[in-house]
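# Working through the structure, step by step
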Amino acid sequence: HENIAISAYDESINKFSALEGTAFLTSHSLVLQHKDGYIPQSFLTFYFYTRSKSYTEQSRFIKYSNDPETDSKVDYVKDRTDFIINNTPKNSIAFIDGPLIGGQVSAYTLKLNQGLLNKNIIPLFFVKNTRSNLVTDNIKEFEGQYNSDLDWAHKTLSIGERTNFFKYVDQHNPKFAKLFCYVKPFRSSPQRVEFHLETFERFEKEIPGIMDLIYYLLLVQGDWRNPQIRTIIIAEKYARAALRLFNINKLAESAGITPTINQERFAW
């Protein structure tokens, strides 16, 4: 109602497994929703990780890593944090695909959240696939009744409904705190919408209207097989389109990198 700008973030990742190491080509996409269309911004990164110290000595573009999967996630979330904070317009709403708190990257995501709040941006995070049992493990009458929170929400909610908000606070680190709910726009699986407690404290009056906006954008997209809000879907499409501009297999071949057998058989 106040003509607040809306932006959305998503990414697409291509992994290449080689005998010499593992490469990750990531396309970060941020879309600003305008009344006449969408204004996209893209940021592509390429990292190569190896356990061979001799390879890293040959090039500053090769990173030594004992755990490429973990290190790639850390590099990814660092890049994502800077990209979103630097390019999201002030005084807007930001829809971000992925959890607010989860695993080794929670501290970086909280940094992202704080950076957006400093620009008077309202950040909300969306989780489509999760095995979380925060609700079903902590409400006695749900114990042993459901496989997950998603299972509970799917069987409890009618189409077009959402649950109430639940509050989560990490006992060891109070900064790891959030409010979340589950939304079921269609007959398919629900999804979780979450935001930090500080976001709620600063923008409590705006939250009900934003939840209505989220439901509207889910209906606008209208895909019950892949129920995401329209703006995130557009960001995803730009991320994938940008990723297709680069052939990671040819990049590896030109660098003399040997793919694993499974990479040859099941490459993207």
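To keep things clear, this report deals only with the structure shown in the data block.

Conventions and cut-offs
Residues numbered from 1 in each chain as written. Predicted model: local features only at pLDDT ≥ 70, side-chain atom pairs only at ≥ 80, totals over all residues. Heavy atoms only, no water. Salt bridge = Lys/Arg side-chain N within 4 Å of Asp/Glu carboxyl O. Helix = DSSP H or I, 4+ residues; strand = E, 2+ residues; numbered from the N terminus. Polar contact = N/O pair within 3.5 Å; in protein donor to acceptor, adjacent residues only side chain to side chain. Contact = heavy atoms within 4.5 Å. Axes fitted to C-alpha atoms, helices over the stretch in contact; angles between N-to-C directions. Parallel < 35°, antiparallel > 145°, perpendicular 65-115°, else oblique. Nonpolar A, V, L, I, M, F, W, Y, C, P; charged D, E, K, R; others polar.

Moving on to the pattern of salt bridges. The final tally for this structure, using the stated rule, is 7 salt bridges. The salt bridge partner of Lys15 is Glu69, with a shortest N-O separation of 2.4 Å. Here Lys15, found in strand β1 (residues 5-17), pairs with Glu69, found in helix α2 (residues 68-87); they are 54 residues apart in sequence, far enough to count as distant. In this structure, the salt-bridge partner of Asp151 is Lys155, at a minimum N-O distance of 2.4 Å. Of the two residues, Asp151 and Lys155 are both situated in helix α4 (residues 149-156); the distance of 4 residues between them amounts to about one turn of the helix. Taken together, the shared-partner salt bridges connect Lys178, Arg192 and Glu194 into one network.

A separate point is the side chain of Ser132. Take Ser132: it is sitting in the loop between β6 (122-127) and α4. Among the polar contacts listed, one links the side chain of Ser132 to the backbone nitrogen of Leu134, at a separation of 3.4 Å. If we ignore the near neighbours within four places in the chain, the residues touching Ser132 are Ser148, Asp149, Tyr182 and Arg192.

In contact at an axis separation of 7 Å, helix α6 (residues 207-221) and helix α7 (residues 230-243) are set at 55 degrees when each is read in the N-to-C sense. With respect to each other, α6 and α7 are oriented oblique. Residues Leu217, Val220 and Gln221 of α6 pack against Arg230, Thr231 and Ile233 of α7. In terms of residue class, the contact of α6 with α7 is built from 3 nonpolar, 2 polar and 1 charged.

That is the geometry; function is a separate question.
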